[in-house]
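Chain by chain, the residues run as shown.
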Amino acid sequence: MLIGITLENNKPDVRKPKDCAAEMAAHLDTVAKERCKASFAKIFGYFAPRLRSYALKQMGNEAIAMELVQDTMSNVWQKAHLFNAEKGSPSTWIFTIARNIRFDMLRKLQNRKEDICSDDMWPVLCEQTADPKEKSLEEKVTLQQVGELFNSLPDKQKAVIEAIYIEGKSQQEVADELNIPLGTVKSRTRLALQRLKDMLETHD
Amino acid sequence: MINFHPSNQQLDIFSNGLMAPAESLIISAHCDMCAQCAEKVALYTEAHSETVFDESSQKLDPSLFGNMLSQIMTQEIDKGIDSEPTNSVLELDGRKFTLPRSLNRFSESIGNWSHLVGKIWQAPVNMGGDVVANFIFMEKGGGVPEHTHRGTEMTLVVNGEFSDGLADYDSGDFMVMDGKNIHTPLTKSDEGCLVFSIIDAPLHFTSGWARLINPFSHLFFK
């Protein structure tokens, strides 16, 4: 029984996805074989509002939700020939397309974070924007370079760092061993780490 | 033989489209390699698509959709593009690795390999967001110093075998590590081992010289 709806009569189609799976699969087949616009309109009529409400829940933004609907339905139109009824129902296939598009959109949104922030569309994300300086360091510095920088520390600081980080001693043990006050060990450690950090930041 | 899989809960969240992009990617790559999990995902997806579309709005309001339908139908069809996707190959030092299909599309976002100490190589993958993704290659006898995790680390073995003092892993194995796990990944195989890993916070090194780099570990592993 083919009882689809068209945009014109605009009555909600309340059937469950599985109850119209065979019908939708047949429409997909005609779209694939004949580029049948009437069939695609039936598919669109059933899935577009459902996708919109899913997307709205997921993305929380009308414009982005509609982008997801548009991209998903474009894929259905373009790739109907890839639908294989033996592998699953039309709703599962379309849901999978929407899921993958959502995933790509989120990635792009994250990459576009700064643009979005400047437009003040999604202020929450601004706080998570990484320090651009940190990123350039990440790309440039290797562990070996840390080793080299370590060797350029003053001898007194190097001794303290070596004892604590490499030999695994406590600051008190280092103080006892070197016969210096605990406070001195602490300040040398702090200075050495600060120095390494400064060197890393200016290193190219 | 794949022995370590995502939990059913993770597969379920992935199937429902509720997972963050980077996590989705690594789960999806595991499913490319693991028929068993791919099967589960197919079942969960079927169930979710049924529920999601059943619970959602059923009315096609023309004021919301405007001319979207006619616009879509004016699009040209390019059937040629959809031939069987081929797998990308990742190259390092003359070695070639075939990537799982899900990672294919990121092959262009893979940065240069850098050589770290301990016979390990690292190539960052630009994923966007706060998660850091890396391919890590351990040469024979190479490994990452003993560490625990400030956040969560997800790892997929793309090619090869390694051990970390907790278990032995083989191609396709997937594991999640967090602050409760201390491990020392190391490979003994002649071919070395390539893994894909994502972390959301820097590692914390727990022994030896590597503790020295803790204050800076975010520079290397996050």
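The structure this text deals with has already been given above.
Owing to the predicted nature of the structure, the values given are computational and were not obtained by experimental measurement. (Residues numbered from 1 in each chain as written. Chains lettered and ligands numbered in written order. Predicted model: local features only at pLDDT ≥ 70, side-chain atom pairs only at ≥ 80, totals over all residues. Heavy atoms only, no water.)

Draft legend 1. Representation of the overall build of chain A in the model. The number of helices and strands found in chain A is 11 helices and 0 strands. The order of helices and strands in chain A, counted from the N terminus, is α-α-α-α-α-α-α-α-α-α-α. The burial tally for chain A puts 46% of its 204 residues in the buried class. Counting contacts in chain A only where the partners sit at least 6 residues apart, residues at least 24 apart contribute 55% of the total. Carbon and sulfur atoms provide 51% of the accessible area of chain A, an area that totals close to 10,800 Å². (Helix = DSSP H or I, 4+ residues; strand = E, 2+ residues; numbered from the N terminus. Buried < 20%, exposed > 50% of the residue type's maximum accessible area, 1.4 Å probe, protein only. Contact = heavy atoms within 4.5 Å. Areas by Shrake-Rupley, 256 points an atom, 1.4 Å probe, with all protein chains shown as cover.)

Draft legend 2. Layout of the sheet that holds strand E7 (residues 153–159) of chain B. Residue and element names in this part refer to chain B. Ordered in space as E3-E4-E5-E11-E7-E10, the 6 strands form an open sheet in which the pairing is antiparallel. Since the sheet does not close on itself, it has two edges, and those belong to strand E3 (114–116) and strand E10 (174–177), each with one partner. The sheet shows a mean angle of 30 degrees between the axes of neighbouring strands, taken without regard to direction. Direction of pairing for E3 relative to strand E4 (residues 120–125): antiparallel, over a ladder of 3 bridges. Paired with Leu116 across the bridge in E4 is Ile120. (Pairing = 2+ DSSP bridges. Axes fitted to C-alpha atoms, helices over the stretch in contact; angles between N-to-C directions.)

Draft legend 3. Structural detail: the pattern of salt bridges. Counting across every chain of the model gives 6 salt bridges over all chains. The closest approach of N and O atoms between Asp54(B) and Lys16(A), which form a salt bridge, is 2.8 Å. You can see Asp54(B) sitting in helix H3 (residues 35–55) and its partner Lys16(A) sitting in the segment before helix H1 (21–34), one on each of two chains. For Asp54(B), a relative accessible area of 24% puts it in the partly exposed group. Notably, a salt bridge pairs Arg52(A) with Glu62(A), separated by 3.0 Å at the nearest N-O pair. Here the residue Arg52(A) occupies a position in helix H2 (residues 37–59), and Glu62(A) occupies one in helix H3 (residues 62–79), the gap between them amounting to 10 residues. The class for Arg52(A) is buried, based on a relative accessible area of 13%. For Glu62(A), a relative accessible area of 33% gives the class partly exposed. (Salt bridge = Lys/Arg side-chain N within 4 Å of Asp/Glu carboxyl O.)

Draft legend 4. Highlighting the nonpolar core. Judged by nonpolar contacts, the single largest core of 44 residues is most densely connected at Phe40(A), Ile43(A), Phe44(A), Phe47(A), Met73(A) and Val76(A). Only H1, H2, H3 and helix H4 (90–111) of chain A together with H3 and helix H5 (68–73) of chain B provide two or more residues apiece to this core. Among the elements that line this core, the one with the most residues is H2(A), at 11 residues. The contacts of Phe47(A), once residues within four sequence positions are left out, are Met24(A), Met73(A), Pro90(A), Ser91(A), Ile94(A) and Phe53(B). With 36 residues, the next largest nonpolar core counts Ile2(B), Leu11(B), Ile27(B) and Ile110(B) among its residues. (Core = buried A, V, L, I, M, F, W, Y, C linked by side-chain atoms within 4.5 Å.)

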